[in-house]
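# Observations on chain architecture
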Amino acid sequence: GAAMWSAAPPPQAAPQAPPQVAGLEVSGCQHANVRNIVTGGFTPYGQNHGRPVYKKDKQVDGVDVLVYFWDARDGPMFSGWWFGPKVGGDQ
C-alpha cells in the first residue's frame, strides 16, 4: 500500500513580550521654579510617537508632570523631548 506522509507544521515562535522600559530620574536644573517641577523620579506611562512617555511619581501643585517625545511632524523646532502636564500640550 501507499504510505501517507504529513509534514509537521513549522514551530511557532514564542510571542515576544514588549521590552521593559526603565523609569528615569531628572536632576540638575539651574532655574529654581523649573527645578521644582521637573526634578524627581518618573515612571513609564504609555507611548507617544513610538517612544515612552514618563509620568512624575509625585504631582506638582496637584498637576501631573509628563516627559514625552514629539517627532518632526510639526517641524524640527518642535521635535524632541518635552515636559508638560499632558502629551502634546502647549506649555
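Residues numbered from 1 in each chain as written. Predicted model: local features only at pLDDT ≥ 70, side-chain atom pairs only at ≥ 80, totals over all residues. Heavy atoms only, no water.

Glancing now at the pattern of salt bridges. Applying the stated rule across the entire model yields 2 salt bridges. Across the salt bridge formed by Asp 64 and Lys 55, the nearest N and O atoms sit 3.7 Å from each other. Arg 73 serves as the salt-bridge partner of Asp 71, at 2.8 Å between the closest nitrogen and oxygen. (Salt bridge = Lys/Arg side-chain N within 4 Å of Asp/Glu carboxyl O.)

For strand β4 (residues 66-70), a buried count of 5 out of 5 residues is recorded, marking the element as mostly surrounded by other parts of the structure. Both faces of β4 are covered, namely the face carrying Leu 66, Tyr 68 and Trp 70 and the face carrying Val 67 and Phe 69. Bridge analysis of strand β3 (residues 51-56) against β4 gives 2 bridges, and the strand direction is antiparallel. The partner of Lys 55 across the bridge, within β4, is Leu 66. (Buried < 20%, exposed > 50% of the residue type's maximum accessible area, 1.4 Å probe, protein only. Helix = DSSP H or I, 4+ residues; strand = E, 2+ residues; numbered from the N terminus. Pairing = 2+ DSSP bridges.)

Scored by pLDDT, the protein chain has a mean of 86; 77% of the residues are at 70 or more. When the elements of the protein chain are averaged for pLDDT, helix α1 (residues 32-38) gives the smallest value, 93, and β3 the largest, 96. (pLDDT = per-residue confidence, 0-100.)

What follows is about the packing of aromatic side chains. Considering all chains together, one arrives at 3 aromatic pairs under this definition. Judged by centre distance (6.2 Å) and plane angle (65°), the ring pair of Phe 42 and Phe 83 falls under edge-to-face. With a gap of 41 residues between them, Phe 42 in strand β2 (residues 40-48) and Phe 83 in strand β5 (residues 80-84) connect regions that are remote in the sequence. Lying across the ring of Phe 69, Arg 51 places its NZ or CZ 4.0 Å from the centre. (Phe/Tyr/Trp six-rings, centres within 6.5 Å; stacked < 30°, edge-to-face > 60°. Lys NZ or Arg CZ within 6 Å of the ring centre and 35° of its normal.)

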